[in-house]
Amino acid sequence: MTTTSDAAAGETPCAAALLIDFGGVLTVPLERAFGALSVESGLDPRTALRLLATHEGARTALGEHEVGRLDDEGFEDAFAAAIAEVGGRVEARGLLARLAHHLDLDEPMVDLVREVRAAGVPVALVSNSLGRDCYARVDLDELFDVTVISGQVGVRKPSRRIYAIAADRLGLAPELDGAGQRVRRLDRGDDALGAAQQLEGIQRLGVGRAGIFDAADFLQPRMFGADARIIQPGR
C-alpha cells in the first residue's frame, strides 16, 4: 500500500484493492452491541449472540434476512421470539434499530479506510445485511468505491460468490479456481506480519482481521474467517 504522496507521484499501489466488512471491523466488536441488547432484555450479555448461533428459529431467520428473503420486521419477530423463549423482555419492533444504536463506529478504522482510498487503492465494502439502519452512521459513497451488501445481491458471506461480485465490480475479475498457495492469514506473532510491512497500516487492520491475497487466490475458503482483505496484484 502506498502513501498518499507516493500515489500522487504516479506510483502503482502495492495493493490492488481492499475488501472490508462493516460490523466488528469498522465498528466496535459485535459482541459488545449484542451484549448491550441482551442486558437491556434482562439477560446475560452473551445470550443474544448465542441465540443467533444455536436457536433454530433465530438462526434460520438471520440466514434468510442476510440473503434478502426476510425483511427487517420478519427477522425482528423471529429474534424477539427467541429472546422471549429464554426469559428476555424485548419489543420486536425497533429491535434492529436498537442494535444499530449500540454498534458504535471504530473511528480509527474508518479513518484508515479513508487513507487507503486516498492513497489510490480501491475499497469495497462486503457485508452481510443486518437491518436497514446498519450503515446509517457512515457515508458509503465517501468511504467505498463499491458496496456489496448480502441482502441486495442475494448471497451472503462466507460464500465465495459475494467476493467474486465485489472483485468484478472493482474490475479485478479474479479466477475462481486459483490454487491459493500464497494466501496467508495474519495472526499475532505470525511471521507473515513482517512480510506485510510494505503495506502501510496493515497491522492497524487488527490481529486476525487481515489477509494478503493475490488476485487469483483471495477466494480460497480457508480465508473466509478474515473480515478485511488486501488484494495484491499477481506476482
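Now for a description of the structure that goes with this document. Keep in mind it's a predicted model, so treat the numbers as computed, not measured.

## Re the nonpolar core
The nonpolar side chains of soluble globular proteins are, as a tendency, buried together.
So, point 1. Ile20, Phe22, Leu26, Phe75, Phe79, Leu130 and Phe144 are the most contacted members of the largest nonpolar core, which has 41 residues in total.
So, point 2. Residue assignment for this core shows that the elements contributing at least two residues are strand E1 (17-20), helix H2 (30-40), helix H3 (47-54), helix H4 (56-66), helix H5 (72-85), helix H6 (95-101), helix H7 (107-118) and strand E2 (123-127).
So, point 3. Non-local contacts of Phe75, meaning those with residues more than four positions away in its chain, are made with Leu52, Ala58, Ala61, Leu62, His65, Leu70, Leu96 and Leu130.
So, point 4. Counting 11 residues, the second largest nonpolar core, distinct from the first, contains Ala17, Val126, Val146 and Ile162.

## Focus on the environment of Arg156
So, point 1. Tracing the backbone through its elements, the reader meets Arg156 in the loop between helix H9 (150-153) and helix H10 (160-169).
So, point 2. Residue class for Arg156 comes out partly exposed when judged on its relative accessible area of 36%.
So, point 3. As a C-alpha pair, Arg156 and Ser129 span 27 residues in sequence and 8.2 Å in three-dimensional space.
So, point 4. Excluding residues that lie within four positions of it along the chain, Arg156 makes contacts with Gly63, Glu66, Val67, Asn128, Ser150 and Ile162.

## So, the packing of aromatic side chains
So, point 1. Going through the model one piece at a time under the given rule, you end up with three aromatic pairs.
So, point 2. Between Phe22 and Tyr135 the ring centres are 5.0 Å apart and the planes differ by 65 degrees, which places this aromatic pair in the edge-to-face class. Taken as a pair, Phe22 in the loop between E1 and H2 and Tyr135 in the loop between E2 and helix H8 (140-143) lie far apart in primary sequence, 113 residues in all.
So, point 3. Classification of Tyr135 as buried rests on a relative accessible area of 11%.
So, point 4. What links up through ring pairs into an aromatic cluster is the set Phe34, Phe75 and Phe79.

## Structural notes on the side chain of Ser129
So, point 1. Secondary-structure assignment places Ser129 in the loop between E2 and H8.
So, point 2. Residue contacts for Ser129: discarding those within four places in its chain leaves His65, Glu66, Tyr135, Ile149, Ser150 and Gly151.

## Quick word on the pairing of E2
So, point 1. Counting buried positions along E2 yields five of five residues, so the element is predominantly enclosed.
So, point 2. Residue alternation in E2 divides its side chains into two sets, Val123, Leu125 and Ser127 and Ala124 and Val126, and both sets are buried.
So, point 3. In this sheet, E2 lies alongside E1 in parallel orientation, the contact comprising three bridges. Bridge pairing links Leu19 to Ala124 in E2.
So, point 4. Pairing between E2 and strand E3 (residues 146-149): four bridges, direction parallel. Along E3, the bridge assignment pairs Val126 with Val148.

## A short note on the pattern of salt bridges
Think of it this way: side chains of opposite charge can pair up when their charged atoms draw near.
So, point 1. As enumerated under the stated definition, the model contains 13 salt bridges in all.
So, point 2. Between Arg132 and Glu73 there is a salt bridge, with the nearest N and O atoms lying 3.3 Å from each other. Of this pair, Arg132 sits in the loop between E2 and H8 while Glu73 sits in helix H5, and the two are 59 residues apart along the sequence.
So, point 3. Given a relative accessible area of 58%, Arg132 falls into the exposed group.

Scoring rules and cut-offs
- Residues numbered from 1 in each chain as written.
- Predicted model: local features only at pLDDT ≥ 70, side-chain atom pairs only at ≥ 80, totals over all residues.
- Heavy atoms only, no water.
- Core = buried A, V, L, I, M, F, W, Y, C linked by side-chain atoms within 4.5 Å.
- Buried < 20%, exposed > 50% of the residue type's maximum accessible area, 1.4 Å probe, protein only.
- Helix = DSSP H or I, 4+ residues; strand = E, 2+ residues; numbered from the N terminus.
- Contact = heavy atoms within 4.5 Å.
- Phe/Tyr/Trp six-rings, centres within 6.5 Å; stacked < 30°, edge-to-face > 60°.
- Pairing = 2+ DSSP bridges.
- Salt bridge = Lys/Arg side-chain N within 4 Å of Asp/Glu carboxyl O.

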